[in-house]
Each structure stands twice: as C-alpha cells, then as structure tokens.
Amino acid sequence: MGKGAEDRSVHFRSDGLALSPAEYAHLLTRLARNDGIAPDEFSRGGVVARLEERIAALLGKEMALFLPSGTMANHLALRVLAQRGRRVLVQRESHIHNDSGDCAQELSGLTLIPLAPDRATFTLAEVAAEVERAEEGRVVTPVGVIAIESPVRRVVGEVFDFAEMQRITAFARERRIGLHLDGARLFLASPYTGIAPETYAALFDTVYVSLYKYFNAAGGAVLAGPRDMLADLYHQRRMFGGSLRQAWPCAAVALHYLDGFGERFGHAVEAAETLFRAVGEHERCQLLRSPAATNVARLRVHGDDAAGLPERVHASGVSIRPALDAAAGGALFELVTNETILRHPVAETIEIFLEALRSR
C-alpha cells in the first residue's frame with residue numbers, strides 16, 4: 001500500500017494517489033507530529049532544502065532548486081542554458097511547446113523549434129539538419145538549447161529512445177549546445193526501461209522533476225543541475241513571482257513519498273502487468289501499447305455496452321476514466337498505473353475487471 005494512503009480504492013486515472021484534501025491535511029499533521037517539519041522562508045531552507053539536496057543526489061547533480069511549477073522550471077532552465085543562441089529544439093508534443101503559454105518566447109526572447117510531430121523521439125539527423133539550417137541562413141540564428149521530454153505524456157507516456165538520446169546529447173556537447181531534460185515523469189520510467197534516473201540525468205545539464213504527479217505534493221517542481229548555473233537562480237525565481245512565502249506543505253509531502261518510491265512503484269508495475277495480461281486475454285479486449293510505453297496503456301473493449309465499463313468497475317471500488325472514444329460496437333479506455341494498485345491483491349482487481357466484462 002502507498003505510504004500514508006487511507007483511501008482503499010484502486011484507480012487508473014493518474015500517475016499519483018490523488019489524495020483528498022482531508023487525506024493531505026491528515027498526512028501533514030502526522031508528519032509534523034512524528035517527524036517534525038522545518039519551515040522554509042520564501043522557498044529557502046528547512047524541509048525545502050532537504051528535498052532539494054535529496055533530489056540532486058538522486059539525479060547525480062550538484063544542486064537543485066524548488067520551483068512552484070514545472071512551467072517555471074522548464075522556462076528558467078531554457079533561459080539560463082541559451083548562451084550559444086536563442087533557438088530551442090523541442091518535441092512538438094512536449095509540455096514546453098504546448099502547455100507554457102509561449103512563456104519562453106514572451107518572457108525570455110527564445111524561439112521554440114518543434115520537431116517530431118506525433119512522435120516521442122526526434123532523431124540526430126533531424127537535430128543536425130535544424131542546427132545546420134539555423135547557422136547557414138542569411139542571418140545566423142544558432143540553436144542554443146535542445147530540450148527533451150521523457151516520458152512524453154501526449155504520446156501515451158512513451159519514452160524518448162535512449163540510444164538516440166545518447167547520440168543527440170553527444171552531438172550537442174561537441175557544439176556547446178545546452179541540454180535540458182523535462183523529466184517530470186522521469187522516476188516512473190525506470191521500471192519499464194531499466195535505466196536509472198541518474199543515468200538519464202547524466203546526459204543533460206539540467207533536469208526538471210515534478211513533485212505533484214506521483215510524489216503526491218499539492219504542487220511544485222525541482223530543477224537540478226550544476227552549481228554555477230543554479231546557485232543564484234533563486235533571484236530569477238523571485239523575479240518571476242515563484243518564491244512562495246512557504247513551500248513546506250509541498251516539500252514535506254514530496255519528500256515523504258520520495259522515500260522508497262522506486263521500490264514501491266516497481267511492485268505497482270509488476271501488479272499492473274499481471275492485470276493487463278489477464279484483461280488483454282479476454283475475448284472482448286485488446287491491449288494497445290508500444291514497446292516504448294511506460295505507465296499509460298490503452299484498452300479497447302468490444303461490445304455495445306463497452307462504454308459502461310467505468311460504472312461497472314466503480315461499483316466494486318475501481319476507478320477508470322470515461323472512454324476516450326465510444327461508438328456502436330466498442331470503446332477505448334486509457335489506464336494509468338500508479339501505487340493505488342497495491343492497495344488490494346491484484347487477483348481481486350483482475351476479478352473486478354473480468355466480472356465487469358461479463359456484464360452485458
């Protein structure tokens with residue numbers, strides 16, 4: 001069972017536990033009473049500093065900085081890395097390109113160059129062509145940063161191909177192009193790839209990790225990297241309005257769930273794979289996953305009553321999202337693996353799904 005979880009239900013709706021306000025408040029009270037929570041001052045010191053040190057160590061970086069959001073973490077990373085030029089290569093499906101409101105362009109004068117439409121991975125050939133084009137035009141506009149998101153949520157949680165990542169980062173190092181990893185879900189990937197977060201992080205100058213997606217904080221992010229790049233970045237954090245008066249309610253919970261996460265999530269992945277095999281073998285079901293998939297799977301259910309699957313499993317304490325699409329004869333669902341699957345023996349969850357599939 002996930003640490004501190006009181007809810008006994010199992011859900012496949014998000015990366016984390018989806019703690020209720022009551023559960024979150026209860027956990028903070030317990031942590032303060034049993035372990036003590038050292039408060040911060042404008043996001044500096046106290047439990048925030050402990051969290052920064054811990055994540056920096058896990059990623060093999062010299063230091064880390066708490067930020068209120070992934071949007072700000074990514075933006076500040078690009079801003080400090082863009083020394084060679086103002087162009088930034090990104091995946092078209094990345095959060096940086098789709099969910100940041102053009103902040104890099106509007107606030108830092110950067111130009112995002114999107115690559116790999118509908119794909120998680122762009123290739124070294126694509127990168128080299130864009131770098132060459134930018135430097136051989138009538139006006140030289142060098143690429144200053146390459147930013148890679150992995151896993152990529154908009155591509156059903158697929159990871160960026162690691163061999164291609166190694167080739168691209170080596171190419172960038174030779175040309176002194178800055179490298180940033182949007183690793184919001186980085187710690188989720190390791191049970192699927194067998195590659196440690198530190199190994200991924202070693203290829204990049206800076207790495208961002210989310211605190212709310214699966215470390216279950218109410219919000220927040222951590223940006224890790226070299227000390228000479230991040231030591232004074234708290235000034236820019238404040239300039240952009242990101243120095244929260246007190247961030248300890250986020251940092252304390254994230255630090256709590258960070259402890260032992262890799263082992264717990266590894267068990268969750270094993271349980272989910274057992275479930276997916278059993279459900280995928282049902283005559284009404286087809287499991288859709290690419291070899292690069294992580295904790296997001298899609299399940300096609302055949303039958304005129306397929307769209308009613310969420311209601312039927314919910315009656316037995318399992319929650320899934322409504323169908324991505326539904327039509328006469330079937331429906332497509334997205335199932336996201338998280339620690340809640342450990343709240344009950346997986347055989348019980350399998351039986352709930354199989355019973356729901358028997359309903360017509």
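A quick note: this is a predicted structure, and the numbers were derived from the prediction, not measured.

Draft legend 1. Just the sheet that holds strand β10 (residues 296–302), in detail. The antiparallel open sheet is built from 4 strands, whose spatial order is β9-β10-β13-β12. Strand pairing shows two members of the sheet lacking a second neighbour, β9 (285–288) and β12 (325–327), which therefore form its edges. Between one strand and the next, the sheet's axes are offset by a mean angle of 20°, whatever the strand orientation. Pairing geometry for β9 and β10, over 4 bridges, is antiparallel. Its bridge partner lying in β10, Leu 287 is registered against Leu 299. Packing of helix α13 (residues 261–280) onto the sheet brings it into contact with β9, β10 and β13 (330–336), and relative to β9 it is tilted by some 140°.

Draft legend 2. Fine view of α13. Compared with an ideal rise of 1.5 Å per residue, which puts 20 residues at 28 Å, α13 spans 27 Å between its outermost C-alpha atoms and is within 8% of the ideal. Every buried residue of α13 is listed here: Phe 261, Arg 264, Phe 265, Gly 266, Ala 268, Val 269, Ala 271, Ala 272, Leu 275, Phe 276 and Val 279. Looking at the packing, one finds that the buried side of α13 touches α8 (186–193), α12 (248–258), β9, β10, β13 and α15 (346–358).

Draft legend 3. Focus on the packing of helix α1 (residues 21–34) against α12. Across the interface, α1 lies against α12 with an axial gap of 10 Å and an inter-helix angle of 80°. Accordingly, the angle class assigned to the pair α1 and α12 is roughly perpendicular. Mapping the contact onto sequence places Tyr 24, Leu 27, Leu 28, Arg 30 and Leu 31 in α1 and Trp 248, Pro 249, Cys 250, Ala 252, Val 253, His 256 and Tyr 257 in α12. When grouped by side-chain class, the residues that make up the contact of α1 with α12 number 10 nonpolar, 1 polar and 1 charged.

Draft legend 4. Local environment of the packing of helix α6 (residues 124–135) against helix α7 (residues 162–174). Two elements in contact, α6 and α7, have axes separated by 9 Å at closest approach and are oriented at 25°. Compared by their axis directions, α6 and α7 come out roughly parallel. Within the contact between the two elements, α6 uses Leu 124, Val 127, Ala 128 and Val 131 and α7 uses Glu 164, Arg 167, Ile 168 and Phe 171. In the contact of α6 with α7, the residues fall into 6 nonpolar, no polar and 2 charged.

Draft legend 5. Representation of the side chain of His 75 within the structure. Along the chain, the position of His 75 falls in helix α3 (residues 70–81). In terms of polar contacts, His 75 uses its side chain to reach the side chain of Ser 108, at 2.6 Å.

Draft legend 6. Here's a closer look at the packing of aromatic side chains. The full count for this structure, using the stated rule, is 8 aromatic pairs. Residues Phe 122 and Phe 160 carry aromatic rings whose centres are separated by 5.1 Å and whose planes lie at 80° to one another, so their mutual orientation is edge-to-face. Here Phe 160 lies in the loop between β5 (143–149) and α7 and Phe 122 lies in the loop between β4 (111–115) and α6, a separation of 38 residues in the sequence. Each member of the pair Phe 122 and Phe 160 is classed as buried.

Draft legend 7. Looking closely at empty space enclosed by the protein. With the rule as written, the count across this model stands at 1 cavity of 30 Å³ or more. Size it by volume and the largest cavity reaches roughly 50 Å³. Around the largest cavity sit Asn 74, His 75, Leu 78, Ile 96, Ser 100, Asp 102, Cys 103, Ala 104, Gln 105 and Leu 112, which together line it. By residue class, the composition of the lining of the largest cavity is 5 nonpolar, 4 polar and 1 charged.

Draft legend 8. Highlighting the state of the cysteines. Scanning the model with the defined rule gives 0 disulfides in all. Here Cys 103 is not cross-linked by a disulfide; its sulfur's nearest cysteine counterpart is in Cys 250, at 20 Å. Taking the relative accessible area as the measure of exposure, Cys 103 reaches 12% and is therefore buried.

Draft legend 9. Just α15, in detail. Along its 13 residues, α15 runs 18 Å from first to last C-alpha, staying within 8% of the 18 Å computed at 1.5 Å per residue. Taken together, the buried positions of α15 are Thr 349, Ile 350, Ile 352, Phe 353, Leu 354, Ala 356 and Leu 357. Looking at the buried residues of α15, the elements they touch are β1 (10–11), α13, β9, β10, α14 (309–314) and β11 (318–319).

Draft legend 10. Expanded view of unusual backbone geometry. Here the residue pair Ser 150 and Pro 151 is connected by a cis peptide bond, since its omega of -5° sits within 30 degrees of zero. Among the structural elements, Pro 151 can be located in the loop between β5 and α7. Phi at Phe 42 is positive, roughly 50°, even though this residue is not glycine. Mapped onto the elements of the fold, Phe 42 is located in the loop between α1 and α2 (46–59). The phi dihedral of Ser 43 is positive, around 70°, even though this residue is not glycine. As for its position among the elements, Ser 43 is in the loop between α1 and α2. Here Ser 43 falls in the buried class, since its relative accessible area comes to 1%.

Rules and cut-offs
- Residues numbered from 1 in each chain as written.
- Predicted model: local features only at pLDDT ≥ 70, side-chain atom pairs only at ≥ 80, totals over all residues.
- Heavy atoms only, no water.
- Pairing = 2+ DSSP bridges.
- Helix = DSSP H or I, 4+ residues; strand = E, 2+ residues; numbered from the N terminus.
- Axes fitted to C-alpha atoms, helices over the stretch in contact; angles between N-to-C directions.
- Contact = heavy atoms within 4.5 Å.
- Expected span 1.5 Å × (residues − 1).
- Buried < 20%, exposed > 50% of the residue type's maximum accessible area, 1.4 Å probe, protein only.
- Parallel < 35°, antiparallel > 145°, perpendicular 65-115°, else oblique.
- Nonpolar A, V, L, I, M, F, W, Y, C, P; charged D, E, K, R; others polar.
- Polar contact = N/O pair within 3.5 Å; in protein donor to acceptor, adjacent residues only side chain to side chain.
- Phe/Tyr/Trp six-rings, centres within 6.5 Å; stacked < 30°, edge-to-face > 60°.
- 1 Å grid on protein atoms, 1.4 Å probe; cavity = no way out; pocket = protein on both sides within 12 Å on 5 of 7 lines; lining within 4 Å.
- Points joined across faces, edges and corners; volume = space filled by probe spheres on them.
- Disulfide = S-S within 2.5 Å.

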